[in-house]
Amino acid sequence: MFTPLIGMPQGAEWLIILAIVILVFGAAKLPELARGTGQALRIFKTETKGLRDEDEKEKGDKAEKPAELTASEQERIAELERREAEIRAERERLSGN
């Protein structure tokens, strides 16, 4: 079985990496670096969410455009709308009493 020479850092290795980062950047720069990284991640998330919303909107626009309806389908829709209006009127009448 093949074992990689370099794997994911474990507990003590993370501490060594953190110490090197502190030595390179200095303790005073770490909050600034963290803030910049946080802002970059926030911007990235909002942009990806915006792209997803645009894609869903485009898919929704395509789905909302129905194909040409036949005369019988149009009559059926008109009948259902008439029944819906009657039900609403009856509901309003009953809730008013």
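The rules we used
Counting restarts for each chain, with residues numbered from 1 along the sequence as it is written. Per-residue local features of the predicted model are confined to residues with pLDDT of at least 70, and side-chain atom pairs are confined, for both listing and counting, to 80 or more; whole-chain, interface and lining totals are unaffected and use all residues. Water and hydrogen atoms were dropped before computing side-chain values, which therefore reflect all heavy atoms in the structure. Put simply, DSSP marks the helices as runs of H or I at least four residues long and the strands as runs of E at least two long, and each gets a number from the N terminus on. Note on classification: 1.4 Å probe, protein chains only; a residue is buried when its accessible area is under 20% of the maximum for its type, exposed when over 50%, partly exposed between these limits. Where accessible areas are quoted, they stem from the Shrake-Rupley method and a 1.4 Å probe; at the residue level, only the protein chains shown are allowed to cover. By definition here, a salt bridge exists when the distance from a side-chain nitrogen of Lys or Arg to a carboxyl oxygen of Asp or Glu is within 4 Å. Patches were defined on residues exceeding 30% relative accessible area and lacking a salt bridge, with like-charge contacts within 9 Å and nonpolar side-chain contacts (Val, Leu, Ile, Met, Phe, Trp, Tyr) within 5 Å. pLDDT runs from 0 to 100 and stands for how confident the predictor is about each residue. Charged residues are defined narrowly, with Lys and Arg counted positive, Asp and Glu counted negative, and His plus the chain ends left uncounted. By convention, the point assigned to a charge is CZ for Arg, NZ for Lys, CD for Glu and CG for Asp.

Enquirer: Honestly, the overall build of the protein chain in this entry has me stumped. Any pointers?
Expert: A count of helical and extended segments in the protein chain gives 3 helices and 0 strands. In the protein chain, the succession of helices and strands from N to C terminus is α-α-α. Counting only residues that meet the buried cut, the protein chain has 0% of its 97 residues in that class. Accessible area of the protein chain: about 9,500 Å², with a carbon and sulfur share of 62%.

Enquirer: Just to check I follow, could you spell out the pattern of salt bridges for this structure?
Expert: Any two side chains of opposite charge can pair, given that their charged atoms come close. Summed over the entire model, instances satisfying the criterion amount to 7 salt bridges. Across the pair glutamate 86 and arginine 82 runs a salt bridge, and its minimum N-O distance is 2.3 Å. In this pair, glutamate 86 and arginine 82 are both assigned in helix α3 (residues 71-96), 4 residues apart and thus about one turn of the helix distant. The class of arginine 82 is partly exposed, set by a relative accessible area of 39%. Across the pair glutamate 84 and arginine 88 runs a salt bridge whose closest N-O atoms are separated by 2.9 Å. Residue glutamate 84 and its partner arginine 88 are both found in helix α3; the two are separated by 4 residues, about one turn of the helix. According to the relative accessible area criterion, arginine 88 is partly exposed, its value standing at 43%. Members of the salt-bridge network, linked through shared partners, are Glu79, Arg82, Arg83 and Glu86.

Enquirer: Even after reading the chapter, I still don't get a nonpolar patch on the surface, so can you show me in this structure?
Expert: Among the surface-exposed residues, Ile16, Ile20, Val24, Phe25 and Leu33 lie close enough to one another that they form a single nonpolar patch of about 480 Å² accessible area. Counting residues per element, the nonpolar patch draws most heavily on helix α1 (residues 11-25), which supplies 4 residues.

Enquirer: Mind showing me how you'd approach the confidence of the model for the protein chain here?
Expert: For any part of a model where pLDDT is low, the fine detail of the predicted coordinates should not be relied upon. Put simply, the protein chain has an average pLDDT of 83, and 87% of its residues get 70 or more. Within the protein chain, the element-level pLDDT minimum falls on helix α2 (residues 30-64), averaging 85, and the maximum on α3, averaging 89.

Enquirer: Would you explain a negative patch on the surface in this entry?
Expert: On the surface, a cluster of negative charge is made up of Glu54, Asp55, Glu56 and Glu58. With respect to the element layout, glutamate 56 can be found in helix α2.

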